[in-house]
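Chain residues, written in single-letter form:
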Amino acid sequence: MNLKHLSALLLFFTSFSLFAEQDFVASEKERQVTRVVAQLMTHLHYEKKPLDDEMSKAVFDEFFKRMDYSKRIFLKSDYDQFSKYRPFLDDMYLQGDLSFAELYFKRFKQRVQERLDYAEKRLAAGMELKHGGVLSLDREEAEWKTSPEELNDLWDRYIENEIINMHIGNLAKKMKMEDKEKKTEEEEAALNEDNGSTEEQVRRRIIFRLTNLLEMERDKFFEMAISMMTGCFDPHSTYFGPKSMEEFEIMMKLSLNGIGATLRNTDGYTKVVRIISGGPADKAKQLKKGDRIIEVQQAGKEPVNVIDMPLSKTISMIRGPKGKVVTLHILRGGVNGVRHVFSIKRDKIDISESAAARSKLFEVERDGATQKVGVIYLPSFYFHPQTKKSCANDVKDEILKLKKEGMQSLVFDLRDNGGGSLSEVIKMTGFFIKEGPVVQVKDYRGEIDVQKDRSDDVVYGGPLTVLVNQHSASASEIFAAAIQDYERGVVIGSADRTHGKGTVQQVYDLERIKQMKELAKKGFKPGELKFTIAKFYRINGGSTQKMGVIPDIILPHFYDKENGGEASLRHSLKYDTIPRARVNKDVSVRSALPELKANSDKRVSTCSDFSELQKELDYYRERYEDKEISLNQEERIDEFKKHYQRNQDRKEVLRRISGRKPKSDEEDDEAEGLEAFSQDGRDEVLLDLYLKEAVEIAIDLEIMSHDKNSNLVIR
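Report on the accompanying structure. (Residues numbered from 1 in each chain as written. Predicted model: local features only at pLDDT ≥ 70, side-chain atom pairs only at ≥ 80, totals over all residues. Heavy atoms only, no water.)

## A look at the overall build of the chain
Part 1 of the reasoning: Summing up its helical and strand segments, the chain has 21 helices and 23 strands in all.
Part 2 of the reasoning: Looking at the chain residue by residue over its 715 residues, the buried ones come to 54%.
Part 3 of the reasoning: The long-range fraction of contacts in the chain, counting pairs at least 24 apart against all pairs at least 6 apart in sequence, stands at 76%.
Part 4 of the reasoning: Carbon and sulfur atoms make up 49% of the accessible area of the chain, which totals about 32,800 Å². (Helix = DSSP H or I, 4+ residues; strand = E, 2+ residues; numbered from the N terminus. Buried < 20%, exposed > 50% of the residue type's maximum accessible area, 1.4 Å probe, protein only. Contact = heavy atoms within 4.5 Å. Areas by Shrake-Rupley, 256 points an atom, 1.4 Å probe, with all protein chains shown as cover.)

## Considerations on the pairing of strand β15 (residues 409-413)
Part 1 of the reasoning: Of all the five residues making up β15, five are buried; the element is thus mostly covered by neighbouring parts of the structure.
Part 2 of the reasoning: Burial along β15 is two-sided: Ser-409, Val-411 and Asp-413 and Leu-410 and Phe-412, pointing in opposite directions, are all buried.
Part 3 of the reasoning: Bridge analysis of β15 against strand β18 (residues 464-468) gives four bridges, and the strand direction is parallel. Looking across to β18, one finds that Val-411 is bridged to Thr-465. (Pairing = 2+ DSSP bridges.)

## Section: the environment of Ile-699
Part 1 of the reasoning: Among the structural elements, Ile-699 can be located in helix α21 (residues 689-704).
Part 2 of the reasoning: For Ile-699 and Thr-465, which are 234 residues apart along the polypeptide, the C-alpha to C-alpha distance reads 9.8 Å.

## Examining a negative patch on the surface
Part 1 of the reasoning: Residues Glu-622, Glu-625, Asp-626, Glu-628, Glu-634, Glu-635, Asp-638 and Glu-639 make up a contiguous surface patch of negative charge.
Part 2 of the reasoning: Those elements giving two or more residues to the negative patch turn out to be α19 (608-625) and α20 (633-657).
Part 3 of the reasoning: For the negative patch, the element with the most residues is α20, which contributes four residues.
Part 4 of the reasoning: Locating Glu-625 in the fold gives a position in helix α19. (Patch = residues over 30% accessible without salt bridge, like charges linked within 9 Å, V, L, I, M, F, W, Y side chains within 5 Å. Salt bridge = Lys/Arg side-chain N within 4 Å of Asp/Glu carboxyl O. Lys, Arg positive; Asp, Glu negative; His and termini not counted. Charge placed at Lys NZ, Arg CZ, Asp CG, Glu CD.)

## Concerning the side chain of Thr-532
Part 1 of the reasoning: Position of Thr-532 relative to the elements: it lies in strand β21 (residues 528-537).
Part 2 of the reasoning: The buried category is assigned to Thr-532, whose relative accessible area is 0%.
Part 3 of the reasoning: If sequence neighbours within four positions are ignored, Thr-532 has contacts with Leu-44, His-45, Tyr-46, Asp-234, His-236, Ser-237, Thr-503, Val-504, Gln-505 and Leu-573.

## With respect to the side chain of Thr-327
Part 1 of the reasoning: Along the chain, the position of Thr-327 falls in strand β8 (residues 325-332).
Part 2 of the reasoning: Residue classification places Thr-327 among the buried positions, given a relative accessible area of 13%.
Part 3 of the reasoning: A distance of 2.9 Å separates the side chain of Thr-327 from the side chain of Ser-343, its partner in a polar contact.
Part 4 of the reasoning: Among residues more than four places away in sequence, those in contact with Thr-327 are Glu-295, Val-296, Gln-297, Val-341, Phe-342 and Ser-343. (Polar contact = N/O pair within 3.5 Å; in protein donor to acceptor, adjacent residues only side chain to side chain.)

## So, a nonpolar patch on the surface
Part 1 of the reasoning: A cluster of nonpolar residues, Met-547, Ile-550, Ile-554 and Tyr-575, forms a patch on the protein surface that exposes about 310 Å² of accessible area.
Part 2 of the reasoning: When you line up the elements, Ile-550 lands in the loop between β21 and β22 (553-554).

## Some points on the packing of aromatic side chains
Part 1 of the reasoning: Across all of its chains, the model carries 28 aromatic pairs by this definition.
Part 2 of the reasoning: Ring centres of Phe-64 and Tyr-79 lie 5.0 Å apart, and the angle between their planes is 70 degrees; this geometry places the pair in the edge-to-face category. In this pair, Phe-64 sits in helix α3 (residues 53-67) while Tyr-79 sits in helix α4 (residues 76-82), placing the two residues 15 residues apart along the sequence.
Part 3 of the reasoning: When its relative accessible area of 22% is taken as the criterion, Tyr-79 is described as partly exposed.
Part 4 of the reasoning: Ring geometry for Phe-64 against Tyr-104: centres 5.2 Å apart, planes inclined by 85 degrees, an arrangement best described as edge-to-face. With Phe-64 in helix α3 and Tyr-104 in helix α6 (residues 99-124), this residue pair connects regions lying 40 residues apart in the sequence. Both residues of the pair, Phe-64 and Tyr-104, count as buried.
Part 5 of the reasoning: Taking the ring centre of Trp-144 as reference, the NZ or CZ of Lys-71 above it sits at 5.3 Å.
Part 6 of the reasoning: It is Arg-292 that lies over the ring of Tyr-269; its NZ or CZ is 5.3 Å from the centre. (Phe/Tyr/Trp six-rings, centres within 6.5 Å; stacked < 30°, edge-to-face > 60°. Lys NZ or Arg CZ within 6 Å of the ring centre and 35° of its normal.)

## Topic: unusual backbone geometry
Part 1 of the reasoning: Backbone geometry at Lys-71 places phi at a positive 55 degrees, although glycine is not the residue there.
Part 2 of the reasoning: Inspection of the secondary structure puts Lys-71 in the loop between α3 and α4.
Part 3 of the reasoning: A positive phi angle is found at Lys-546, which is not glycine, with a value near 65 degrees.
Part 4 of the reasoning: In this fold, Lys-546 is placed in the loop between β21 and β22.

## Here we look at helix α10 (residues 218-230)
Part 1 of the reasoning: Over its 13 residues, α10 runs 19 Å from end to end, which matches the ideal 18 Å to within 8%, given 1.5 Å per residue.
Part 2 of the reasoning: Counting buried residues along α10, 10 of its 13 residues qualify, which places the element largely inside the surrounding structure.
Part 3 of the reasoning: Within the span of α10, buried status applies to Phe-221, Phe-222, Glu-223, Met-224, Ala-225, Ile-226, Ser-227, Met-228, Met-229 and Thr-230. (Expected span 1.5 Å × (residues − 1).)

## Considerations on the sheet that holds β18
Part 1 of the reasoning: Strands sit in the order β11-β12-β15-β18-β19-β22 across an open sheet of six strands; the sheet is mixed. Both outer strands of the open sheet, β11 (358-366) and β22, are each paired with one neighbouring strand and no more.
Part 2 of the reasoning: With nine bridges connecting them, β11 and strand β12 (residues 369-377) associate as antiparallel partners. Bridged to Val-364 within β12 is Gln-371.

## Side note on α21
Part 1 of the reasoning: Taking 1.5 Å of rise per residue, the 16 residues of α21 would be expected to cover 22 Å, and the 23 Å separating its terminal C-alpha atoms lies within 8% of that figure.
Part 2 of the reasoning: Burial runs high along α21: 14 of the 16 residues are buried.
Part 3 of the reasoning: At the N-terminal boundary of α21, the capping side chain belongs to Asp-688, with an oxygen 2.9 Å from the backbone nitrogen of Tyr-690.

## Brief notes about the pattern of salt bridges
Part 1 of the reasoning: For the structure on display, the rule yields 45 salt bridges.
Part 2 of the reasoning: Between Lys-220 and Glu-223 there is a salt bridge, with the nearest N and O atoms lying 3.1 Å from each other. One end of the pair is Lys-220 and the other is Glu-223, both in helix α10 and three residues apart, which spans about a single turn.
Part 3 of the reasoning: The buried category is assigned to Glu-223, whose relative accessible area is 9%.
Part 4 of the reasoning: Salt bridges sharing common partners tie together Arg-366, Arg-603, Glu-693, Glu-696 and Asp-700.

## Some details on the environment of Thr-465
Part 1 of the reasoning: As for its position among the elements, Thr-465 is in strand β18.
Part 2 of the reasoning: In this structure, the C-alpha to C-alpha distance between Thr-465 and Gly-489, residues 24 residues apart in sequence, is 5.3 Å.
Part 3 of the reasoning: Filtering out sequence-adjacent residues up to four positions away, Thr-465 remains in contact with Leu-410, Val-411, Phe-412, Val-490, Ile-492, Ala-694, Ile-697 and Ala-698.

## Some words on the pairing of strand β6 (residues 292-298)
Part 1 of the reasoning: In terms of burial, β6 is a largely internal element, five of the seven residues being buried.
Part 2 of the reasoning: Pairing analysis gives two bridges linking strand β5 (residues 269-275) to β6, with the strands arranged antiparallel. Bridged to Thr-270 within β6 is Ile-293.
Part 3 of the reasoning: Examined bridge by bridge, β6 and β8 share six bridges and lie antiparallel to one another. Note on β8: the bridge partner recorded for Gln-298 is Val-326.
Part 4 of the reasoning: Of the pairings in the sheet, the one linking β6 to strand β7 (residues 304-305) comprises two bridges and is antiparallel in character. By the bridge assignment for β7, Val-296 is matched with Val-304.

Structure representation (structure tokens):
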């Protein structure tokens, strides 16, 4: 779009209200970074999309969808005024012009301040509920409010919903305290925690959310301004400023220097939600789950109050050099609890331990004989360059251990495995096949690289099943697809397809560019660009992008449309195909699939536990599809009491079908509903209902493999 009308637009927007002195105004260096990133995206991104008028409209829409998805902040007049920029953003980004973003964020903060002022006024007037009626939970297609009065009315509903939620939360706590079920020490502490009055809780929750938006650091605004554009090429392309670079590198390295605690922001307080086993906090035996950190103190300095501070800021203060001491001032027992002061020496934290492969051998009686089925659970395809910690090596060790224990068949559990190292999944696939292609990778130049396992050493050639769900993604899908395409094993799903992430990202350090290197020499870090550079394709030529892997046997499940994988993400790349790769199949389970499926269907249809699971699925589906919520407190409390009683009545049923022991026998966190079916964070593999059926299918496959005329296993 030609920019000849842009100067007039800028004059028009000078009428915007001035705001705080921390308004985002891009520096010349930041404009240079913007220009470089825009040019890189058009030349190096997989699809090589032009940054044109269509893309300009998409970027414009992205600003509003990301910043005000529910249309609770901006007015229709704001949207209409900004719409004049809609055709111009392509040229502006290519020229490093961030004036639209500057004005947008200024107006955003102005509107947030207005919402904060109104919320303060509304809450000061008391907790009386005036509205009744309903609140719509999905406002994506709603119209923008045309006046502050209309927006105030919408906020009245949100505030009243928060008031009702807080009353229900306090009621739930009271009912939980009164029931006679055995509680863990942590549950007792949480129930006895003093969170202040209902009025204080509601006010803190609402005011904190708005204040957090107002106090967003300007560097974050710059990062968002660029990422709005990169995200319109595809949802996995983004820009990292210096602070986000550090966080991303920690995630990739799986290690950091700190105290070894997982923290979460709860209504303005930094709360300890987990103590990492073996870390400094665990060894010191001082900090506990549920503690609220109110001040952080460095050696030789005054303590800094971190109440209402953004979580990222608090975490950066707690992290630091290995061997240095950090002092934490905490409240234990709630917001009015007892104050403690703990000093902890920082150390290196290996955050990959919770991502380690683990296994278990299950012995199942079938027709008078004991069947030994090995299960390997792998939460991610990890590889740690510094320590050489490799998931492929760990899985190999688990396979050999299970074989020594007499394993006759194997279930490989990849549920909730979001992916990881490509080289690791190729190596691991090779444990189950003789040499050959594993995955095809097509880059932005259109060149296809067939990634192969080049070793004919088969670690395990016996009956194999692979268990996946809606959250199995990327490397998990490569593995499941290869096993399926080689007809080497049976893919079983607690979903009708996997996530569908079939793209490859590259992280590009902008300092590699001469112009950016000069900025770095002057002390300005230009950041990094993560962008999509290639796509994965199966051996059969089909992409895993959007399509995912469709299991051979699909078990009853709940499909979350809003988190329905890659296909639910804005700007996700399309599904397509390329020529298939040539492979030699040493086995084929295809002939066994009809019988395996028929046996599974029969078991599922006659199994009382699956009948109970179906009740749970139907219940959650009904609640999920209801997009309106009552603002009548009596109705909501009655509904909650019914829901609470239902959960109490079904608690032992859920524990049983999720593979957990009775509550009286197990000191465990209380996972509710469908969350109980996650293996993540468990110390051992639990035989939940889905895994139990996968084991039964593995036994069926093992029995069928005894037929010498079959070709179901590598002999």
